[in-house]
Amino acid sequence: QVHLVESGGGLVQAGGSLRLACAASGSIFSINAMNWYRQAPGERRELVAGVTSAGVINYADSVKGRFTISRDDAKNTVSLQMNSLKPEDTAVYYCNFDLGIRKYWGRGTQVTVSS
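None of these values were measured; they are calculated from a predicted model.

Quick notes on the overall build of the protein
Right, on to step 1. On a plain count of helices and strands, the protein comes out with 0 helices and 11 strands.
Right, on to step 2. The order of α-helices and β-strands along the protein, N terminus first, is β-β-β-β-β-β-β-β-β-β-β.
Right, on to step 3. For 115 residues, the compact-globule estimate of 2.2 N^0.38 gives 13 Å, and the C-alpha radius of gyration of the protein, at 13 Å, lies within 12% of that figure.
Right, on to step 4. On the principal axes, the C-alpha backbone points of the protein span a range of 45 × 25 × 25 Å.
Right, on to step 5. Taken over 115 residues, the protein has a buried fraction of 39%.
Right, on to step 6. Taking all contacts inside the protein whose residues are at least 6 apart in sequence as the whole, residues at least 24 apart take part in 53%.
Right, on to step 7. With the model as given, the accessible surface of the protein reaches about 6,300 Å², and the carbon-plus-sulfur share is 48%.
Right, on to step 8. Taken as two groups, the 12 positive and 9 negative side-chain charges of the protein have centres that lie 3 Å from each other.

Below is the structure:
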């Protein structure tokens with residue numbers, strides 16, 4: 001079994017920064033992709049950023065130039081540096097690890113950006 005735990009969420013004013021982290025524990029051989037998703041109230045869960053095992057990174061258009069994803073395979077962790085935060089970034093942020101056979105989700109961490 002694999003468990004993911006997110007940390008780093010909180011309340012920040014518009015224009016501020018937060019850094020999210022996600023750590024995995026359990027039986028992990030390799031991780032194809034590490035992703036961050038978010039879900040705002042009443043909205044569908046959306047992909048924010050992802051990084052593959054080959055280092056290919058993609059971002060949602062809404063966060064390009066503001067968010068940076070990074071992974072550490074030695075520690076099975078992924079981080080999301082979020083700068084220039086906007087009120088529309090308010091959501092619960094989830095990390096997601098694609099292990100090929102199965103995908104795992106964390107429980108989420110709340111990010112609230114006040115105007």
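Past the structure itself, the notes keep going.
What to know about the pattern of salt bridges
Right, on to step 1. In this structure the tally under the stated criterion is 5 salt bridges.
Right, on to step 2. Asp-89 is the partner of Arg-38 in a salt bridge, and the nearest nitrogen-oxygen pair spans 3.0 Å. Of this pair, Arg-38 sits in strand E4 (residues 33-39) while Asp-89 sits in the loop between strand E8 (77-82) and strand E9 (91-98), and the two are 51 residues apart along the sequence.
Right, on to step 3. Taking relative accessible area as the criterion, Asp-89 reaches 1% and is therefore assigned buried.
Right, on to step 4. Note that Lys-64 is salt-bridged to Asp-61, the shortest N-O span being 3.0 Å. Each member of the pair Lys-64 and Asp-61 is classed as exposed.

Cut-offs used in this document
- Residues numbered from 1 in each chain as written.
- Predicted model: local features only at pLDDT ≥ 70, side-chain atom pairs only at ≥ 80, totals over all residues.
- Heavy atoms only, no water.
- Helix = DSSP H or I, 4+ residues; strand = E, 2+ residues; numbered from the N terminus.
- Rg over C-alpha atoms; globule rule 2.2 N^0.38 Å.
- Buried < 20%, exposed > 50% of the residue type's maximum accessible area, 1.4 Å probe, protein only.
- Contact = heavy atoms within 4.5 Å.
- Areas by Shrake-Rupley, 256 points an atom, 1.4 Å probe, with all protein chains shown as cover.
- Lys, Arg positive; Asp, Glu negative; His and termini not counted.
- Charge placed at Lys NZ, Arg CZ, Asp CG, Glu CD.
- Salt bridge = Lys/Arg side-chain N within 4 Å of Asp/Glu carboxyl O.

Worth remembering: the numbers are spatial, not functional.
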